[in-house]
Amino acid sequence: MVSDGTQISEQEAELYDRQIRLWGLDAQKRLRSSRVCVLGMSGLGCEVSKNLVLSGVKELKMVDSKLVSKDDATSQFLAPRDKLGENRAEASLQRLQQLNPMVDVTADTANSKDKDAEFFKKFDIVVATNCPKDELVRINSICRAEKVLFYAGDVFGFFGFSFMDLISHEYVEEVTQQVEQESDGADGEPNAKKQKTMEKETKSVKKAMTFVSLAETLKVDWSTELYAKRIRRMDPSFFLLQVLFNFQSETGHTPRPKERETDLAKLKEMRDKTLEKLSVPITKISDEMLNLLFAELSPVCAIVGGVLAQEVIKAISNKDAPHNNYFFYNPLESCGVVETIGY
């Protein structure tokens with residue numbers, strides 16, 4: 001777990017002055033002692049890495065075995081365009097390091113599937129992007145066993161999601177309440193006659209929250225009475241994610257812009273199969289929504305990556321309530337939705 005024993009130098013205090021004013025010295029100390037691993041350096045991985053390096057973590061390791069391709073031009077801003085064909089993590093290293101020389105930024109060209117518990121337990125936080133469902137479940141299981149905070153996320157066209165498992169998390173939240181104050185009356189005046197006013201008072205309250213694993217959220221039986229009632233008022237994003245997971249498992253890739261017609265037909269087939277298996281009405285996910293799932297778009301990466309990095313910073317600093325446990329960006333409504341699944 002992250003400790004707050006790290007001392008802040010004068011140079012660091014000057015660099016992180018605004019952040020220290022915002023969330024306090026203790027929170028910045030915790031950030032400066034945190035070690036983060038980011039899996040996948042596509043557009044979303046770049047956004048998360050950029051935000052965490054600027055916040056001032058101690059160490060950030062990028063893990064990606066893929067090479068820079070022309071498709072990365074839609075959202076990958078850390079790898080220069082003249083690095084086509086080179087490893088994405090290594091190509092992103094120079095620009096990411098330049099953002100904050102005080103952070104130890106490194107690149108690993110291995111595949112996440114080759115990493116075991118010995119690797120992941122070196123970190124305080126693991127952020128997994130661009131991973132299929134089975135790989136996310138595997139890494140999450142390792143992180144839970146090793147008490148490592150786990151985050152997952154991905155972007156599919158105009159749709160994006162993030163998931164977090166903090167196992168058991170304690171945090172401090174500021175609570176504002178109305179407090180009755182008595183004004184000073186004349187000497188000897190009865191208390192009943194003294195004027196009373198209501199003033200706002202802010203207190204820091206310690207709270208705790210428990211989380212479930214990604215696997216548990218995927219095991220929910222939506223045919224039960226409890227969950228069946230919830231389907232009607234739920235955003236379709238969680239079920240869309242299940243369709244995308246199944247699409248990836250069956251095809252081995254995400255929806256491809258160059259094969260739009262073929263993949264769109266497959267998406268519709270997977271939607272019908274997935275929703276029927278989950279006992280969810282087919283109308284929950286429209287054809288219009290399926291049309292918006294192609295490529296990885298920079299603005300959506302910025303939104304989801306910003307939220308994901310913000311949640312990591314909140315968890316490290318123990319400030320404010322974290323999302324529990326999914327965040328979705330809905331492309332049709334152009335808004336973010338937090339859903340709690342698996343409880």
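Trainee: Before we move on, could you go through the environment of Ala73 and cite the residues and values that matter?
Mentor: Position of Ala73 relative to the elements: it lies in the loop between β2 (59–63) and α5 (88–99). Once the C-alpha coordinates of Ala73 and Glu47 are considered, the two residues, 26 residues apart in sequence, prove to be 14 Å apart.

Trainee: So what about the side chain of Asp165? Which residues, and what values?
Mentor: Tracing the backbone shows Asp165 in strand β6 (residues 159–165). In this view, Asp165 contacts Asn140, Arg144, Leu149, Phe150, Phe211, Val212 and Ser213; residues no more than four positions away in its chain are not counted.

Trainee: Account for helix α9 (residues 225–233), with residues named and values stated.
Mentor: Regarding α9, the residues found buried are Tyr227, Arg230 and Ile231. All buried residues of α9 project into a common sector of 115 degrees when viewed along the axis, lining one side. Relative to its buried face, α9 has exposed residues pointing more than 90 degrees away, namely Glu225, Arg232 and Arg233. Those residues of α9 hidden inside the fold are in contact with α10 (237–251) and β10 (335–339).

Trainee: Go over the sheet that holds β2, please, and point to the residues and values.
Mentor: Strand order across the open sheet formed by 8 strands is β3-β2-β1-β4-β5-β6-β9-β10, with mixed pairing between neighbours. What marks the edges here is a single partner per strand, and that holds for β3 (104–108) and β10. Averaged over all adjacent pairs, the angle separating strand axes in this sheet is 15 degrees, with direction ignored. Where strand β5 (residues 149–156) meets β6, 7 bridges bridge the pair, whose relative direction is antiparallel. Within β6, the residue paired with Ala152 across the bridge is Phe163. In the packing of helix α7 (residues 133–145) onto the sheet, contacts are made with β1 (35–39), β4 (125–129), β5 and β6, and the angle to β5 comes to roughly 160 degrees.

Criteria and thresholds
- Residues numbered from 1 in each chain as written.
- Predicted model: local features only at pLDDT ≥ 70, side-chain atom pairs only at ≥ 80, totals over all residues.
- Heavy atoms only, no water.
- Helix = DSSP H or I, 4+ residues; strand = E, 2+ residues; numbered from the N terminus.
- Contact = heavy atoms within 4.5 Å.
- Buried < 20%, exposed > 50% of the residue type's maximum accessible area, 1.4 Å probe, protein only.
- Arc of directions from axis to C-beta.
- Pairing = 2+ DSSP bridges.
- Axes fitted to C-alpha atoms, helices over the stretch in contact; angles between N-to-C directions.

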